[in-house]
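# What the coordinates show
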Amino acid sequence: MKINKKYVLASTPILLAVICFIIAGMGGSSVAADGRLIEPYFFMIPIGYLLFFGGIISLLFVAIISTIKKSKIIK
């Protein structure tokens, strides 16, 4: 089975999102004396979500274009 480079490139943001979520989970959290929650890698969570949804959209786009080209509607 041959893997197309376009699918690997389109799925790379999903892999990066998973890495962001792992880093955010391993970062640990603590509660300060005044009751604030201290999470050093909290910024990785929204970045992970953006990468994940961007990867899903790019994979869908590549799959739709590939399907259209295979059905020879666009040459």
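Let us look at the structure shown here.

The rules behind the values
- Throughout, a residue's number is its position along its own chain's written sequence, starting from 1.
- The model is predicted, so local features are restricted to residues of pLDDT at least 70 and side-chain atom pairs to those at 80 or more, both for listing and for counting; the totals for chains, interfaces and linings are taken over all residues.
- For side-chain calculations, the full set of non-hydrogen atoms in the structure is used, while hydrogens and water are omitted.
- Only runs of H or I of at least four residues qualify as helices and only runs of E of at least two qualify as strands under DSSP, and these elements are numbered from the N terminus.
- In this scheme, a residue with accessible area under 20% of its type's maximum is buried, one over 50% is exposed, and one in between is partly exposed, where area comes from a 1.4 Å probe on protein chains only.
- Contacts between residues were defined by any pair of non-hydrogen atoms, one from each residue, lying within 4.5 Å.
- Think of a patch as exposed residues, more than 30% relative accessible area, with no salt bridge, where like charges cluster within 9 Å and nonpolar side chains (Val, Leu, Ile, Met, Phe, Trp, Tyr) cluster within 5 Å.
- The Shrake-Rupley method, run with a 1.4 Å probe, gives the accessible areas here. Residue values count only the displayed protein chains as cover.
- Note on definitions: salt bridges are taken to be side-chain nitrogens of Lys or Arg within 4 Å of carboxyl oxygens of Asp or Glu.
- Expected helix span is computed as 1.5 Å times (number of residues minus one).
- Bend angle per residue: angle between axes fitted to the 7 residues ending at that residue and the 7 residues starting there.
- Centre distance within 6.5 Å is the pairing criterion for rings of Phe, Tyr and Trp, where only the six-membered ring of Trp is used; planes under 30 degrees apart are then read as stacked, over 60 as edge-to-face, and the remainder as tilted.
- Note on geometry: axes are lines fitted to C-alpha atoms, helical ones only across the stretch in contact, with angles between N-to-C directions running from 0 to 180 degrees.
- Here the word oblique covers every angle except those under 35 degrees (roughly parallel), over 145 (roughly antiparallel) and from 65 to 115 (roughly perpendicular).
- Handedness of each helix crossing follows the sense of rotation of the near helix against the far helix: counterclockwise by less than a right angle gives left-handed, clockwise gives right-handed.
- Lys, Arg, Asp and Glu make up the charged group, whereas Ala, Val, Leu, Ile, Met, Phe, Trp, Tyr, Cys and Pro make up the nonpolar group; the residues left over, Gly among them, are polar.

### Digging into the overall build of the chain
Within the chain one finds two helices and two strands. From first element to last, N terminus to C terminus, the chain shows the α and β order α-β-β-α. Split into buried and exposed, the 75 residues of the chain put 15% on the buried side. Partitioning the contacts of the chain with sequence separation of at least 6, the portion at a separation of at least 24 is 61%.

### Brief notes about a nonpolar patch on the surface
On the surface, L15, L16, I19, I23, Y41, F43 and I47 cluster together to form a nonpolar patch covering roughly 610 Å² of accessible area. It is helix α1 (residues 5–26) that provides the largest number of residues to the nonpolar patch, a total of four residues. Tracing the chain through its elements places L15 in helix α1.

### Re α1
Taking 1.5 Å per residue as the helical rise, α1 with its 22 residues ought to reach 32 Å, and the 31 Å between its terminal C-alpha atoms agrees with that figure. The principal kink in α1, of about 35°, is found at S11, preceding the proline P13 by one to four residues. Those residues of α1 that fall on the buried side of the exposure criterion are A10, P13, I14, A17, C20 and A24. Among the structural elements, α2 (44–70) are those in contact with the buried residues of α1. Two residues or fewer after α1 comes G28, characterised by a positive phi angle close to 80°.

### As for the packing of aromatic side chains
Tallying each qualifying case throughout the model produces four aromatic pairs. Between Y41 and F43, the ring centres sit 6.5 Å apart and the planes meet at 55°, which makes this aromatic pair tilted. On the accessibility criterion, F43 (47% relative accessible area) is partly exposed.

### Some details on the packing of α1 against α2
Running from N to C, α1 and α2 cross one another at 160°; their axes reach a closest spacing of 8 Å. Considering their axes alone, α1 and α2 lie roughly antiparallel with respect to each other. By crossing handedness, the relation of α1 to α2 is classed as left-handed. Within the contact of α1 with α2, the residues separate by chemical class into 20 nonpolar, five polar and one charged.

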